[in-house]
Amino acid sequence: MYMREGMKKSRGEPIRLNKYLSDAGYCSRREADRLVEAGRVTVDGRAAVMGQKVSPGQSVAVDGKGITPEREMVLLVMNKPAGVVCTTDRRWGDTTVYDILDYPKRVFSIGRLDKDSEGLLLMTNYGDILNKIMRAGNYHEKEYVVTVNREIRPDFLEKLSRGVYLEELDVTTRPCQVFLAGKNRFRIILTQGLNRQIRRMCASLGYQVTKLVRVRVMNIELGDLKPGEYRPASRSEYARLCELLRDSKNPEAGKTDYRGAAKPGAGRAENPGAAKPGAGRIESRGSGKSGAYRKIEKGKRT
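On a predicted model such as this, the values are computed, not experimentally measured, just so you know. The residue count restarts for each chain, going from 1 along the sequence in the order it is written. Side-chain atom pairs in this predicted model are given and counted only at pLDDT of 80 or more, local residue features only at pLDDT of at least 70, and totals for whole chains, interfaces and linings cover all residues. Only heavy atoms go into the side-chain values, all of them from the structure, while hydrogens and water stay out.

S.K.: Help me understand the overall build of the protein in this model?
M.R.: For the protein, the count of helices and strands is 9 helices and 20 strands. Each residue is placed in one exposure class: buried if its accessible area under a 1.4 Å probe, protein chains only, is under 20% of its type's maximum, exposed if it is over 50%, and partly exposed if it falls in between. Residues counted as buried form 49% of the 302 residues belonging to the protein. Within the protein, contacts between residues separated by at least 24 positions form 73% of all contacts whose residues are at least 6 apart in sequence. For the accessible areas, the method is Shrake-Rupley and the probe is 1.4 Å, while residue cover comes only from the protein chains on display. When the accessible surface of the protein is split by element, carbon and sulfur atoms take 47% of a total near 15200 Å². Per the convention used, a helix needs a DSSP run of H or I reaching at least four residues, while a strand needs a run of E reaching at least two, with both numbered from the N terminus. Working rule for contacts: check all heavy atoms of both residues, and any pair within 4.5 Å makes them a contact.

In structure tokens form, the structure reads like this:
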């Protein structure tokens, strides 16, 4: 689809093993570290170690299978159905997005949506984009439409927007943008990604989420994709995404808290207004309807 950003720059220079596997489209950096710790990765036939670097010409293998970096970057826009999980862990018998995604290249999700949630999920074989989008310190926006179990009171939206203390995580969420979208529905724009964050925020204020749909990640919108469908990101979407990510930092493996959460009382003073102006906000609605939609039939739920 697209030539990888920064490929020429990295040629001839040693890179970390986890970045090599991530850039090769095999897995995320975190998963790469887990594979190394489990002894499943070798470099030139020898067991790899954490933090190891790989130079041009060295051979890398996972479970004995050689890994070659992809030169073509893939970015897919998918509508994850409810009831499908984003993990590769199949121990619990759940249907995963990898079970139902009919795509010829190996890709992995940029972040996750929990099993009960649905909507926009970006899939890629390029770890650099994944890490930059996921890093909470970059303040990239993700927008959701949320339905709750009862009529919404004005003070509920106000409390959400100021930030909510989550006792079970011992953190206060960042201030965020919230808009009423119906008597029991609202839109919320977050710049962090705590575990089940929106559900926890609502529960802390006495509401229960009955439906949660992610509709936007930075400049890329869900549009009219039906559950279980995907499309390639358009060239204009990819170009705008790269522009938004240009000044984003890439975390070092093992040193970043992707949650980007604040301890009680700490987040409000440092991050007033939550989202930085223009950081990933779209300039127009209803755009980016390019690329042929391809419906996922295998494993699709009805």
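S.K.: Sorry if this is basic, but what is going on with helix H3 (residues 29-37) here?
M.R.: Side chains of residues three or four places apart in an α-helix project in the same direction, reflecting 3.6 residues per turn. Buried residues of H3: Arg-29, Ala-32, Asp-33, Leu-35 and Val-36, and no others. Projected down its long axis, H3 carries its buried residues within an arc of 160 degrees, all on one side. Along the arc lie the directions from the helix axis toward the C-beta atoms.

S.K.: Sorry if this is basic, but what is going on with the packing of helix H5 (residues 127-134) against helix H8 (residues 235-245) here?
M.R.: For any two helices packed against each other, one specifies the inter-axial angle together with the distance between the axes. Between H5 and H8, whose axes approach to 11 Å, the crossing angle comes to 60 degrees. Judged by the inter-axis angle, H5 sits oblique to H8. In terms of crossing hand, the pair formed by H5 and H8 is left-handed. In contact with Ile-129, Lys-132 and Ile-133 of H5, H8 contributes Tyr-238, Leu-241 and Leu-245. Residue polarity is assigned by list, with Asp, Glu, Lys and Arg as charged and Ala, Val, Leu, Ile, Met, Phe, Trp, Tyr, Cys and Pro as nonpolar; anything else, Gly included, falls into the polar class. When grouped by side-chain class, the residues that make up the contact of H5 with H8 number 5 nonpolar, no polar and 1 charged. Think of each axis as a best-fit line through the C-alpha atoms, taken over the contacting stretch in the case of a helix, with angles from 0 to 180 degrees between the N-to-C directions. The scheme is simple: roughly parallel for angles under 35 degrees, roughly antiparallel for over 145, roughly perpendicular for 65 to 115, oblique for anything else. If you view the pair so one helix is near and one far, a crossing is left-handed when the near helix is turned anticlockwise from the far one by less than a right angle, and right-handed when it is turned clockwise.

S.K.: Help me out: how do you make sense of the pairing of strand E16 (residues 185-190) in this one?
M.R.: Both faces of the sheet carry side chains from a regular strand, because those side chains alternate between them. Pairing between strand E12 (residues 142-148) and E16: 6 bridges, direction antiparallel. The residue bridging Val-146 from the neighbouring strand is Phe-186, located in E16. Two strands pair if DSSP finds at least two bridges between them. Where strand E15 (residues 177-182) lies against E16, 5 bridges are found, and the strand directions are antiparallel. Each bridged residue has a counterpart across the sheet, and for Gly-182 the counterpart in E16 is Arg-185. Between E15 and E16, which pair antiparallel and follow one another directly, the connecting turn spans 2 residues.

S.K.: Would you mind going over the packing of aromatic side chains with me for this structure?
M.R.: Two measures describe an aromatic ring pair: the distance that separates the ring centres and the angle between the ring planes. Classification of ring pairs rests on two measures: the distance between centres of Phe, Tyr or Trp rings, Trp counted by its six-membered ring, which must be within 6.5 Å, and the angle between planes, read as stacked under 30 degrees, edge-to-face over 60 and tilted in between. Per the stated rule, a full pass over the model turns up 3 aromatic pairs. Considering the side-chain rings of Tyr-103 and Tyr-230, the 6.1 Å spacing of their centres and the 80 degrees angle between planes classify their relative orientation as edge-to-face. Here Tyr-230 lies in strand E19 (residues 229-232) and Tyr-103 lies in the loop between helix H4 (97-100) and strand E10 (108-109), a separation of 127 residues in the sequence. In textbook terms, an aromatic cluster arises when at least three aromatic residues are bridged by ring pairs, as seen for Phe-156, Phe-186 and Tyr-207. The rule for a charge over a ring is simple: NZ of Lys or CZ of Arg within 6 Å of the ring centre, and within 35 degrees of the ring normal. The aromatic ring of Tyr-26 is capped on one face by Arg-106, whose charged end is 4.0 Å from the ring centroid. The ring of Tyr-207 is capped by Arg-150, whose NZ or CZ atom sits 3.8 Å from the centre of that ring.

S.K.: Is there a simple way to think about the side chain of Glu-118 in this case?
M.R.: Mapping Glu-118 onto the fold places it in strand E11 (residues 118-124). Residues in contact with Glu-118, not counting those within four places in the same chain, are Lys-80, Pro-81, Ala-82, Leu-113, Lys-211, Leu-212, Val-213 and Arg-214.

S.K.: Just checking my understanding: could you explain the environment of Lys-105 for this structure?
M.R.: Inspection of the secondary structure puts Lys-105 in the loop between H4 and E10. Between the C-alpha atoms of Lys-105 and Tyr-26, which are 79 residues apart in sequence, the distance is 9.8 Å.

S.K.: What is the right way to look at the nonpolar core in this model?
M.R.: The nonpolar side chains of a soluble globular protein tend to be buried, and buried together. Val-146, Phe-186 and Ile-188 are the most contacted members of the largest nonpolar core, which totals 36 residues. At the level of secondary structure, the elements contributing two or more residues to this core comprise strand E9 (75-80), H4, E11, E12, helix H6 (154-162), E16, helix H7 (197-204) and strand E17 (209-217). Here, nonpolar core means buried Ala, Val, Leu, Ile, Met, Phe, Trp, Tyr and Cys residues that are tied together by side-chain atoms lying within 4.5 Å of each other. Core analysis: the second largest hydrophobic core is formed by 25 residues, Met-73, Leu-75, Ile-110 and Ile-220 among them.

S.K.: How should I be thinking about the environment of Pro-175 in this particular structure?
M.R.: With respect to the helices and strands, the residue Pro-175 is situated in the loop between strand E14 (171-172) and E15. Pro-175 gets classed as buried once you look at its relative accessible area, which sits at 11%.

S.K.: Explain the pattern of salt bridges here, please?
M.R.: Oppositely charged side chains can form a pair if their charged atoms are brought close together. Any carboxyl oxygen of Asp or Glu within 4 Å of a side-chain nitrogen of Lys or Arg constitutes a salt bridge here. Within this structure, the stated rule accounts for 14 salt bridges. Notably, a salt bridge pairs Arg-216 with Glu-141, separated by 2.9 Å at the nearest N-O pair. Of this pair, Arg-216 sits in strand E17 while Glu-141 is found in the loop between H5 and E12, placing the two residues 75 residues apart along the sequence. Notably, a salt bridge pairs Glu-143 with Arg-187, separated by 2.9 Å at the nearest N-O pair. Taken together, the residues span a long stretch of sequence, with Glu-143 in strand E12 and Arg-187 in strand E16 at a distance of 44 residues. For Arg-187, a relative accessible area of 29% puts it in the partly exposed group. Via salt bridges that share partners, Glu-141, Glu-143, Arg-187 and Arg-216 belong to a single interconnected network.

Take it as geometry only, folks, not as evidence of what the structure does.
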